[in-house]
Amino acid sequence: MTLYWLLSVPAHGDGHVAWRDIKSRIGSSDLYDFSLPTFKIGTLDGLVRLSDDLAKFDTTYETTLTKFTDTLRSLNPAITASQLQAQLTVDGGKSVDQYLRTFTWDNAKYRVDRPLVEILGQVAEQMGQVDGQLKTKLTQYNAIKGSLATVRRKQHGNLSVRALGDIVRPEHCVRDSEYLQTLFVAVPRSLSSEWLNTYERLTAMVVPRSTAPIAEDSEYILYSVVVFKRSADEFTTRARDARFTVRDFVYDEQALERERRMQMEVVEQETELLGNLSEWLAGCFGDVVVAWVHVKAMRVFVESVLRYGIPPDFLPVLVKPGKQADRIKRQLVDFYAYLETSTRASDRARKSGKSSSSANAAAADGAFDMHEFSSILSNEYTPFVFFEIPWTFFGQE
């Protein structure tokens, strides 16, 4: 499993020192810049609401990525994790890892001169369209896949269900008779003797000695039998009661040819839709990753402002901790433990009922201490802003 951390720490006016502090704690683990623009901050109330929305969208888009990769694997069960990873690229051919390590905010797509809530709304609208298209395409493909399963069941099932057009020949049938009709009956192999001994007595109008075996498989023997047309329905009912399956089949060369063409069309449609769906998933995957990582970036910014105050003065970075993740995290938590007292105390102050309206007014005057109203939103508390990216979408080899 490839694991990344997105974290930010106070810069205290010197990002280079903050970088060295992190690097000295993570040792040989990889450290990457995760530069963020300066967004429009807005009010405290707005930031708190936005942080809740960002958390929800973060989870939703991560689920969407999982759905993309799971669907591609189900469409091509033989594909390996490395093959899938090579197929799914981001931002003009980058791997997901390369995109994360070289991330820069896409201002052309998500303009930072707009409020954060509007940027998130833009992302949500884009992803809503993707999700709608995904549902439509999956519905279309699953419908034709169901039809194909029916075709294959008819082609490869046992003699009680499979199509008989490639089994029954004209010489097996009584044709152009005003009174007689040939029926085809799938008889379990264990009941073959019973069939031969009883079929003539199932109804009064069965032609004696008219049954003959046509085909057989591991479960059934297909027999033909000649009956009078007016007794065909009764014979079918009596045969079913005796555990013999009368097949709904009338030899008609034109109908059989239409059935063959229909089966070929279903196979062709399934192949085409499979290719289109796979191509669409691979093409849209990168867009979903871009949207998801930009939501992650906004979460880092919003949480950092809520934690460390204004004006923004923090260092966001990407870490790939490797096998020493637990040890490295403990070292970071220990080093930044001095942040814990202020953030936990300010959280208690916020919960004690300090009004957000007075906070907003203080911020407007430039005298507002954001620490007094910070919000701790991570599921597992750390004294610094911390988000995990467990990159498990491609699965394991």
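All figures in this text were calculated on a predicted structure; none of them were measured in a lab.

Enquirer: Which residues make up the side chain of Ser192, and what are the values?
Expert: Within the secondary structure layout, Ser192 lies in helix H6 (residues 192–198). Ser192 sits in the buried class, given a relative accessible area of 13%. Each residue touching Ser192, except ones within four places of it in the same chain, is listed here: Val187, Ile221 and Tyr223.

Enquirer: Please provide a residue-by-residue account of the packing of helix H2 (residues 44–75) against helix H8 (residues 253–308), values included.
Expert: When two helices pack together, their arrangement is given by the angle between the helix axes and the distance between those axes. Interaxial distance between H2 and H8 falls to 8 Å at its minimum, and their mutual angle equals 155 degrees. Overall, the two elements H2 and H8 adopt an arrangement that is roughly antiparallel. Crossing angle aside, the handedness with which H2 passes H8 is left-handed. For the contact of H2 with H8, the class distribution of residues is 26 nonpolar, five polar and four charged.

Enquirer: Before we move on, could you go through the sheet that holds strand S4 (residues 212–216) and cite the residues and values that matter?
Expert: Here four strands make up an open sheet; going across it, the order is S4-S5-S3-S6 and the pairing antiparallel. At either margin of the open sheet sits one strand with a lone partner, and together these are S4 and strand S6 (245–247). Between one strand axis and the next, the sheet turns through 35 degrees on average, direction left out of account. Sheet analysis places S4 next to strand S5 (residues 220–228), joined by four bridges and oriented antiparallel. Looking at S5, one finds that Ala215 is bridged to Leu222. The strands that helix H7 (residues 232–241) touches are strand S3 (180–188), S5 and S6; relative to S3, the one it contacts most, it runs at about 10 degrees.

Enquirer: Give me the nonpolar core: which residues, what numbers.
Expert: Leu7 and Ile22 are the most contacted members of the largest nonpolar core, which has 85 residues in total. When residues in this core are grouped by element, the largest group, 22 residues, is from H8. If we skip the residues at most four places from it in the chain, Leu7 touches Ile22, Leu315, Pro316, Val317, Val319, Leu332, Phe384, Val385 and Phe386. Val185, Leu191, Leu202 and Ala239 belong to the second-largest nonpolar core, a separate cluster that totals 18 residues.

Enquirer: How would you sum up the packing of aromatic side chains? Please name residues and give values.
Expert: Taken as a whole, this structure holds 18 aromatic pairs when the rule is applied. Chaining the aromatic ring pairs together yields one cluster made of Trp5, Phe335, Tyr336, Tyr338, Phe384 and Phe386.

Enquirer: Give a description of the pattern of salt bridges that names residues and reports values.
Expert: Here the structure, examined in full by the defined rule, presents 14 salt bridges. Here Asp58 and Lys296 are joined by a salt bridge, their closest N and O atoms 3.0 Å apart. You can see Asp58 sitting in helix H2 and its partner Lys296 sitting in helix H8, a full 238 residues away along the chain. The pair Asp58 / Lys296 is uniform in exposure class, with both members buried. A salt bridge links Arg261 to Glu257; the nearest nitrogen and oxygen atoms lie 3.8 Å apart. With Arg261 and Glu257 both in helix H8 and four residues apart, the pair spans about one turn of that helix.

Enquirer: Can you explain the side chain of Ser210? Please cite residues and give values.
Expert: Mapped onto the secondary structure, Ser210 falls in the loop between H6 and S4. At a separation of 2.7 Å, a polar atom in the side chain of Ser210 contacts the main-chain carbonyl oxygen of Val207. If we skip the residues at most four places from it in the chain, Ser210 touches Tyr199, Ser224, Val225 and Val226.

Enquirer: Which residues make up the pairing of S3, and what values do they have?
Expert: On any regular strand, side chains alternate: one points to one face of the sheet, the next to the other face. Most of S3 sits inside the fold, with seven of its nine residues counted as buried. In this sheet, S5 lies alongside S3 in antiparallel orientation, the contact comprising nine bridges. Paired with Leu183 across the two strands is Val225, which belongs to S5.

Basis of the calculations
- Residues numbered from 1 in each chain as written.
- Predicted model: local features only at pLDDT ≥ 70, side-chain atom pairs only at ≥ 80, totals over all residues.
- Heavy atoms only, no water.
- Helix = DSSP H or I, 4+ residues; strand = E, 2+ residues; numbered from the N terminus.
- Buried < 20%, exposed > 50% of the residue type's maximum accessible area, 1.4 Å probe, protein only.
- Contact = heavy atoms within 4.5 Å.
- Axes fitted to C-alpha atoms, helices over the stretch in contact; angles between N-to-C directions.
- Parallel < 35°, antiparallel > 145°, perpendicular 65-115°, else oblique.
- Left-handed = near helix turned anticlockwise from the far one by under 90°.
- Nonpolar A, V, L, I, M, F, W, Y, C, P; charged D, E, K, R; others polar.
- Pairing = 2+ DSSP bridges.
- Core = buried A, V, L, I, M, F, W, Y, C linked by side-chain atoms within 4.5 Å.
- Phe/Tyr/Trp six-rings, centres within 6.5 Å; stacked < 30°, edge-to-face > 60°.
- Salt bridge = Lys/Arg side-chain N within 4 Å of Asp/Glu carboxyl O.
- Polar contact = N/O pair within 3.5 Å; in protein donor to acceptor, adjacent residues only side chain to side chain.

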